[in-house]
Amino acid sequence: MDEKKLQHIEESGLLFERFGTTRMSGRIFGYLLICDEDAVSFDQIRETLQASKGSISTNVKQLLQTGLIEQTTFPGDRKTYYRASKISIGNITGSRLELMEKFVELFIQAQALKNRDDDLSKWLEETAIFYKWMELKMEELIEEWESDKDEIKKRLS
């Protein structure tokens, strides 16, 4: 693998790490984005990234759960292969909106269960309001994206 691709893989790892996940998850995802095959096996990932089976296994599971990668198989081949998921932006954002909604519920419930009105209660209320606001704004942005994406694509060409 050439130096530019290896650099991309490492930068992906660092970016994922900044988002609170593992560097290895980012490295796996970065590799799947640039590999020249439609899908790669577990062993191909492990060999390319020179990582342990345990590390690859743990991080592949995490990426599968987030929907960033998906499993596939090929007729006559018993191995499982992995590729970057082509999940739509709307679906990715939708799952994040669901998560924001759960945070709103969590913060509201926590505030209701507290027996005192303190700085943490105020923070819980403000954070719940913020997440609800973000949820509403993201729904608007998704609609706007759908109507504007062709125009933006033209500008990039």
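Preceding block: the structure.
Draft legend 1. View of the sheet that holds strand β3 (residues 81–84). Ordered by their spatial adjacency, three strands build an open sheet running β1-β3-β2, and the pairing between neighbours is antiparallel. Every interior strand has two partners, whereas the edge strands, β1 (40–41) and β2 (69–72), have only one. Bridge analysis of β2 against β3 gives four bridges, and the strand direction is antiparallel. Bridging across to β3, Q71 finds its partner in Y82. Contacts from helix α2 (residues 23–34) reach β1, β2 and β3, with the element oriented near 85 degrees to β3.

Draft legend 2. Region of the structure containing the nonpolar core. Residues I28, Y31, L32, I45, L49, I56 and I69 are the most contacted members of the largest nonpolar core, which totals 18 residues. Taken together, the elements giving at least two residues each to this core come down to α1 (3–18), α2, α3 (42–49), α4 (53–66) and β3. Per element, the largest residue contribution to this core is five residues, and it comes from α2. Every residue in contact with I28, bar those within four places of it in the chain, is listed here: I45, L49, I56, N59, V60 and L63.

Draft legend 3. Expanded view of the packing of α2 against α4. Orientation of α2 relative to α4, taken along the N-to-C sense of each, is 75 degrees, at an axis distance of 9 Å. Classified by the angle their axes make, α2 and α4 are roughly perpendicular. Where α2 abuts α4, its residues M24, S25, I28 and F29 lie against S55, I56, N59, V60, Q62 and L63. Tallied by class, residues from the contact of α2 with α4 come to six nonpolar, four polar and no charged.

Draft legend 4. Representation of the packing of α1 against α2 in the model. Interaxial distance between α1 and α2 falls to 7 Å at its minimum, and their mutual angle equals 140 degrees. One way to sum up the angle between α1 and α2 is to call them oblique. In this structure, α1 meets α2 at a crossing whose hand is right-handed. For the pair α1 and α2, the contacting residues are K5, H8, I9, E10, S12, G13, L14, F16 and E17 in the first and R23, S25, G26, R27, F29, G30, Y31, L33 and I34 in the second.

Draft legend 5. Spatial organisation of the side chain of S12. Among the structural elements, S12 can be located in helix α1. Classification of S12 by relative accessible area gives buried; the value is 12%.

Draft legend 6. Quick look at the pattern of salt bridges. If you walk through the whole model with that rule in mind, you get twelve salt bridges. Between R83 and E70 there is a salt bridge whose closest N-O contact spans 2.7 Å. Here R83 is found in strand β3, whereas its partner E70 is found in strand β2, with 13 residues between them in sequence. Close ionic contact of E135 with K132 constitutes a salt bridge, the shortest N to O distance being 3.5 Å. With E135 and K132 both in helix α6 (residues 119–156) and three residues apart, this pair spans about one turn of that helix. Counted as one network, the salt bridges with shared partners bring together K114, R116 and D118.

Draft legend 7. Main features of a nonpolar patch on the surface. A surface patch of nonpolar side chains, about 260 Å² in accessible area, is lined by L99, F103 and L106. In this structure, F103 sits in helix α5 (residues 89–113). The class for F103 is partly exposed, based on a relative accessible area of 31%.

Draft legend 8. Structural detail: the environment of R46. As for its position among the elements, R46 is in helix α3. Overall, the relative accessible area of 24% leaves R46 in the partly exposed class. In this structure the C-alpha to C-alpha distance between R46 and I56, which are ten residues apart in sequence, comes to 6.4 Å. Apart from the residues within four sequence positions on either side, R46 is in contact with A51, S52, K53 and I56.

About the cut-offs
- Residues numbered from 1 in each chain as written.
- Predicted model: local features only at pLDDT ≥ 70, side-chain atom pairs only at ≥ 80, totals over all residues.
- Heavy atoms only, no water.
- Pairing = 2+ DSSP bridges.
- Helix = DSSP H or I, 4+ residues; strand = E, 2+ residues; numbered from the N terminus.
- Contact = heavy atoms within 4.5 Å.
- Axes fitted to C-alpha atoms, helices over the stretch in contact; angles between N-to-C directions.
- Core = buried A, V, L, I, M, F, W, Y, C linked by side-chain atoms within 4.5 Å.
- Buried < 20%, exposed > 50% of the residue type's maximum accessible area, 1.4 Å probe, protein only.
- Parallel < 35°, antiparallel > 145°, perpendicular 65-115°, else oblique.
- Nonpolar A, V, L, I, M, F, W, Y, C, P; charged D, E, K, R; others polar.
- Left-handed = near helix turned anticlockwise from the far one by under 90°.
- Salt bridge = Lys/Arg side-chain N within 4 Å of Asp/Glu carboxyl O.
- Patch = residues over 30% accessible without salt bridge, like charges linked within 9 Å, V, L, I, M, F, W, Y side chains within 5 Å.
- Areas by Shrake-Rupley, 256 points an atom, 1.4 Å probe, with all protein chains shown as cover.

Note that every value here comes from positions in space, so none of it alone points to a role or purpose.
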